[in-house]
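Now for the letters of each chain:
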Amino acid sequence: MPNVPNLYVGHSSRDRGALVTHLWLADAGVVTQVAKVKTVQGARTVCSVRAIVPNGGARDLRCSLSSEVLTRLRSHDQTLRVRTTFAPQAGDPDSIVGRVRLPRNSP
């Protein structure tokens with residue numbers, strides 16, 4: 001039997017002030033996501049979310065973006081470093097780190 005991952009992270013986009021990430025989860029458990037942006041003062045957290053998932057399957061995870069990054073998006077594209085972690089009820093947790101580019105706001 002092939003080894004099936006507990007967590008698959010699909011595409012991400014911005015919708016009404018939130019980072020929306022399409023996920024596939026193998027089972028029930030807890031999913032968390034933290035997104036950071038690089039600044040001169042170091043990395044800053046721009047959104048974080050924790051959700052209890054009653055069953056596996058496809059779902060969208062919404063992470064509300066901070067006012068700081070929404071202000072920056074008025075004039076510049078932003079690249080976020082996003083860590084998504086899933087802890088299933090049975091089994092070991094999986095964690096995936098990726099980069100998401102958010103385009104600046106349209107005029």
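On a predicted model such as this, the values are computed, not experimentally measured, just so you know.

Participant: Residue-level account of the overall build of the protein chain, with values.
Facilitator: Within the protein chain, the secondary structure is distributed over one helix and seven strands. Secondary structure elements in the protein chain, listed N-terminal to C-terminal, are β-β-β-β-β-α-β-β. For the C-alpha atoms alone, the extent of the protein chain along its principal axes is close to 50 × 30 × 25 Å. When burial is assessed residue by residue, the protein chain has 30% of its 107 residues classed as buried. Within the protein chain, counting contacts between residues at least 6 apart in sequence, those at least 24 apart form 55% of the total.

Participant: Outline the state of the cysteines, supporting the account with residue identities and numerical values.
Facilitator: As enumerated under the stated definition, the model contains one disulfide in all. The residue that forms a disulfide with Cys47 is Cys63, at a sulfur-sulfur distance of 2.3 Å. Note on the Cys47 and Cys63 pair: the S-S dihedral is about 120°, so by sign convention the disulfide is right-handed. With a gap of 16 residues between them, Cys47 in strand S4 (residues 42-53) and Cys63 in strand S5 (residues 57-64) connect regions that are remote in the sequence. Exposure class is identical for Cys47 and Cys63. Each is buried.

Participant: How would you sum up the pattern of salt bridges? Please name residues and give values.
Facilitator: Tallied over the full model, the rule gives three salt bridges. For Asp15, the salt bridge is made with Arg16, and the minimal N-O distance between the two is 3.1 Å. The residue Asp77 makes a salt bridge to Arg101 at a minimum N-O spacing of 2.4 Å. Taken together, the positions of Asp77 in the loop between helix H1 (67-72) and strand S6 (78-88) and Arg101 in strand S7 (residues 94-102) put the pair 24 residues apart, joining distant regions of the chain.

Participant: Could you give an account of unusual backbone geometry, with specific residues and numbers?
Facilitator: Although it is not a glycine, Arg16 sits at a positive phi angle of roughly 45°. With respect to the helices and strands, Arg16 occurs in the loop between strand S1 (7-15) and strand S2 (18-25).

Participant: Describe the sheet that holds S7, with residues and values.
Facilitator: Strand order in the open sheet made by the four strands is S4-S3-S6-S7, with antiparallel pairing throughout. For this open sheet the edge positions go to S4 and S7, each flanked by a neighbour on one side alone. Along the sheet, successive strands turn relative to each other by an average axial angle of 20°, direction set aside. In the sheet, S6 pairs with S7 via nine bridges, with the strands oriented antiparallel. Across the sheet, residue Thr85 finds its bridge partner in S7, namely Ser95.

Participant: I'd like a rundown of the environment of Leu73, residues and numbers included.
Facilitator: Among the structural elements, Leu73 can be located in the loop between H1 and S6. Taking the C-alpha atoms as reference points, Leu73 and Trp24, separated by 49 residues in sequence, lie 28 Å from one another.

Participant: Please provide a residue-by-residue account of the nonpolar core, values included.
Facilitator: Leu19, Ala35, Val46, Leu65, Leu80 and Leu102 are the most contacted members of the largest nonpolar core, which totals 13 residues. Apart from residues lying up to four places away in sequence, Leu65 is in contact with Arg14, Gly17, Ala18, Leu19, Val46, Cys47, Leu70, Leu80 and Leu102. One finds Leu25, Val53, Leu61 and Phe86 within the second-largest nonpolar core, a separate group that totals seven residues.

Cut-offs applied
Residues numbered from 1 in each chain as written. Predicted model: local features only at pLDDT ≥ 70, side-chain atom pairs only at ≥ 80, totals over all residues. Heavy atoms only, no water. Helix = DSSP H or I, 4+ residues; strand = E, 2+ residues; numbered from the N terminus. Buried < 20%, exposed > 50% of the residue type's maximum accessible area, 1.4 Å probe, protein only. Contact = heavy atoms within 4.5 Å. Disulfide = S-S within 2.5 Å. Salt bridge = Lys/Arg side-chain N within 4 Å of Asp/Glu carboxyl O. Pairing = 2+ DSSP bridges. Axes fitted to C-alpha atoms, helices over the stretch in contact; angles between N-to-C directions. Core = buried A, V, L, I, M, F, W, Y, C linked by side-chain atoms within 4.5 Å.

In short, shape yes, function no, at least from these values alone.
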